[in-house]
Amino acid sequence: VAAPFIEMTTMGAGGGSIAWVNRGGLLQVGPGSAGAVPGPACYGQGGVEPTVTDANVVLGRLNPENFLGGDVKLDADLAHNALAGLGNTLGLDPEATARAVLDIAVENIAEAIRLLTVRRGLDPRRFSLVAFGGAGPLHAAAIAKAIGARRVLIPPHPGLCSAFGALLADMRVDKTWTHVLRSDRLDAEAINDRLDELVAEASSDLQHEGFDGSPQVQRSVNMRYLGQNYEEEIPVPVGNITDESMPGLLEAFELHYEETYGYRIPDEIVELVQFNVTVFGDAAKPDLLRISERPPASPVDTRRVWFSPEGVVDCPVYDRDDLTPADRILGPAVIEELDSTTIVHPGQCVTISPHGLGVIE
């Protein structure tokens, strides 16, 4: 039995991830976390173990006086003490320890991205990295450098991005039929009838969820060469499946297989393993606000921020609400907003789209 799932791979490198030294004397970050309570040491709620958030405070990347718009005050001394304790074990000062903590956290995430992309035959250098969540923009530019991505996209209010996406998500119903068939013994009419039944069932479910419009329908088949134990999902073109259209579907599988793995197996029997139907009901989408034209932004502050390998830099700090499409900010720079902080590294540049999307290149 097979069913569709959304694959989500996470790494233990969040803001609360604890930095520690293993038995071999090597610095590790995560998977243990300080959580929300007591939280990082800088929260002042009793946490004493050094975390990624504490490292960002020590390096000047987070402003203790402007965390969550100033509603939460961070204690820089507690963060410094936590990193100093870890540094004593490593023989490093607190700033060098903090840089090492962030370097390891970034490399953990970068390695996970490499594994997820390269094992699928995808080159991470061809993609843009989307940074969301409160801590995502703090580290995204460094992660992009590590994996070779040339662009980082930072949506407006990244700390609210997941909630915003949930509100805008289309209604969706998935139906599957697990039934193994061979390419040399196919009944196209039976397959077409079963997919029509799945579409009808999914459409009915969508109506029960409250959608009253005309749904969109997507169909696909999971296919493999005979004897394999993994499948590739191949879209089914619009229209009835017939004996005349079936060779085109099989050819689409073989072409996809060749593009993915570099070869095909001529004249090999293909197994059709799972038939999938997805029915979408479009959700209402708001018109996104455009940024009004105004003069380029000026820094609201300057503070000392540590970067690798440049060391400490007098870094301009910008309020994201001040940025416009007229701005072209060269790194190093810090961009602050209520729900997140964006770090732009030396040699990078950030621009703003008319709808407020931040682009680091």
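Everything numeric in this text was worked out from a predicted model, so none of it was measured.

As a further point, take the overall build of the protein. For the protein, the helix and strand inventory stands at 7 helices and 15 strands. Projected onto its principal axes, the C-alpha coordinates of the protein cover approximately 70 × 55 × 35 Å. For the protein, the residues scored as buried account for 42% of the 361 residues in total. Partitioning the contacts of the protein with sequence separation of at least 6, the portion at a separation of at least 24 is 61%. For the protein, the computed accessible surface area is about 19500 Å², with 53% contributed by carbon and sulfur atoms. Side-chain charges of the protein comprise 27 positive and 51 negative groups, with the mean position of each set lying 5 Å from the other.

Bridge count for strand 1 (residues 17-21) against strand 2 (residues 27-33) is 4 bridges, and the pairing is antiparallel. Across the sheet, the residue bridging to tryptophan 20 is glutamine 28, located in strand 2. Linking strand 1 to strand 2, which pair antiparallel, is a turn of 5 residues; within it glycine 25 sits at a positive phi near 85 degrees.

To continue, consider a nonpolar patch on the surface. On the surface, Tyr230, Tyr261 and Tyr263 cluster together into a nonpolar patch covering about 290 Å² of accessible area. Mapped onto the elements of the fold, tyrosine 263 is located in the loop between helix 7 (246-261) and strand 8 (270-281).

Our focus in this paragraph is the packing of helix 3 (residues 94-118) against helix 4 (residues 136-147). Between helix 3 and helix 4, whose axes approach to 9 Å, the crossing angle comes to 55 degrees. The angle between helix 3 and helix 4 falls in the class oblique. The way helix 3 lies across helix 4 gives a crossing that is right-handed. Touching Leu102, Val106, Glu107, Ile109, Ala110, Ile113 and Arg114 of helix 3 are His139, Ala142, Ile143, Ala146 and Ile147, all from helix 4.

Before going further, it helps to examine the sheet that holds strand 7 (residues 232-235). In spatial order, the strands read 5-8-6-7; together these 4 strands make up an open sheet with antiparallel pairing. Since the sheet does not close on itself, it has two edges, and those belong to strand 5 (171-182) and strand 7, each with one partner. For this sheet, the mean angle separating the axes of adjacent strands, direction not counted, is 25 degrees. Judged from the 4 bridges that link them, strand 6 (residues 216-225) and strand 7 form a sheet pairing that is antiparallel. Counted as the bridge partner of methionine 223 is glutamate 232 from strand 7.

With mixed pairing, the 4 strands of this open sheet are ordered in space as 9-10-12-13. The open sheet has two free edges, formed respectively by strand 9 (301-307) and strand 13 (340-344), since each of these has just one partner strand. Sheet twist, expressed as the mean angle between neighbouring strand axes with direction ignored, is 30 degrees.

For glutamate 254, the position within the fold is in helix 7. No salt bridge is formed by the buried glutamate 254; the nearest opposite charge belongs to arginine 264, separated by 4.4 Å. At a separation of 2.7 Å, a polar atom in the side chain of glutamate 254 contacts the side chain of tyrosine 225. With near-sequence residues (within four places) excluded, glutamate 254 lies in contact with Tyr225, Arg264 and Ile265.

Another point: helix 3. With 25 residues, helix 3 extends 36 Å from end C-alpha to end C-alpha; this agrees with the ideal 36 Å at 1.5 Å per step. N-capping of helix 3 is provided by aspartate 93, with a side-chain oxygen placed 3.1 Å from the backbone N of glutamate 95.

Criteria and cut-off values
- Residues numbered from 1 in each chain as written.
- Predicted model: local features only at pLDDT ≥ 70, side-chain atom pairs only at ≥ 80, totals over all residues.
- Heavy atoms only, no water.
- Helix = DSSP H or I, 4+ residues; strand = E, 2+ residues; numbered from the N terminus.
- Buried < 20%, exposed > 50% of the residue type's maximum accessible area, 1.4 Å probe, protein only.
- Contact = heavy atoms within 4.5 Å.
- Areas by Shrake-Rupley, 256 points an atom, 1.4 Å probe, with all protein chains shown as cover.
- Lys, Arg positive; Asp, Glu negative; His and termini not counted.
- Charge placed at Lys NZ, Arg CZ, Asp CG, Glu CD.
- Pairing = 2+ DSSP bridges.
- Patch = residues over 30% accessible without salt bridge, like charges linked within 9 Å, V, L, I, M, F, W, Y side chains within 5 Å.
- Salt bridge = Lys/Arg side-chain N within 4 Å of Asp/Glu carboxyl O.
- Axes fitted to C-alpha atoms, helices over the stretch in contact; angles between N-to-C directions.
- Parallel < 35°, antiparallel > 145°, perpendicular 65-115°, else oblique.
- Left-handed = near helix turned anticlockwise from the far one by under 90°.
- Polar contact = N/O pair within 3.5 Å; in protein donor to acceptor, adjacent residues only side chain to side chain.
- Expected span 1.5 Å × (residues − 1).

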